[in-house]
Amino acid sequence: MSLILKGDLVAAFYMYPAIYSLIIMFSFLILHLKFQFKNGHNIILGLFILNISIIVISFLIKHFN
């Protein structure tokens with residue numbers, strides 16, 4: 001988060017590739033809790049799966065490359 005706050009968006013992505021999708025997911029989660037979107041739970045589930053996939057793949061690439 002500190003790299004994003006400093007304005008270094010590319011370095012933030014290279015440090016932690018899931019940072020932007022996590023921000024989107026938590027933002028949507030907060031909006032869904034407030035406004036109760038019709039299919040919000042399906043979107044949140046998809047975003048959770050996307051984020052877990054990004055985190056696992058980046059871990060595997062960083063540690064086994």
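Everything numeric in this text was worked out from a predicted model, so none of it was measured. (Residues numbered from 1 in each chain as written. Predicted model: local features only at pLDDT ≥ 70, side-chain atom pairs only at ≥ 80, totals over all residues. Heavy atoms only, no water.)

Our next topic: a nonpolar patch on the surface. A cluster of nonpolar residues, F48, I52, V56, F59, L60 and F64, forms a patch on the protein surface that exposes about 610 Å² of accessible area. By the secondary structure assignment, I52 is in helix α4 (residues 40-64). (Patch = residues over 30% accessible without salt bridge, like charges linked within 9 Å, V, L, I, M, F, W, Y side chains within 5 Å. Areas by Shrake-Rupley, 256 points an atom, 1.4 Å probe, with all protein chains shown as cover. Salt bridge = Lys/Arg side-chain N within 4 Å of Asp/Glu carboxyl O. Helix = DSSP H or I, 4+ residues; strand = E, 2+ residues; numbered from the N terminus.)

Turning next to the environment of L29. Note on placement: L29 falls in helix α3 (residues 19-35). In this structure L29 comes out as partly exposed when scored by relative accessible area, which is 24%. (Buried < 20%, exposed > 50% of the residue type's maximum accessible area, 1.4 Å probe, protein only.)

Let us now look at unusual backbone geometry. The residue Q36 is not glycine, and still its phi comes out positive at about 50 degrees. With respect to the helices, strands and loops of the structure, Q36 is situated in the loop between α3 and α4. Residue class for Q36 comes out exposed when judged on its relative accessible area of 54%.

With that settled, consider the nonpolar core. Side chains of nonpolar character tend, in soluble globular proteins, to be buried together. By size, the foremost hydrophobic cluster in this structure holds 6 residues: A18, L22, M25, F28, I44 and L47. Looking at this core element by element, the count peaks at 3 residues for α3. Setting aside its immediate chain neighbours within four residues, L22 contacts Y16 and N51. (Core = buried A, V, L, I, M, F, W, Y, C linked by side-chain atoms within 4.5 Å. Contact = heavy atoms within 4.5 Å.)

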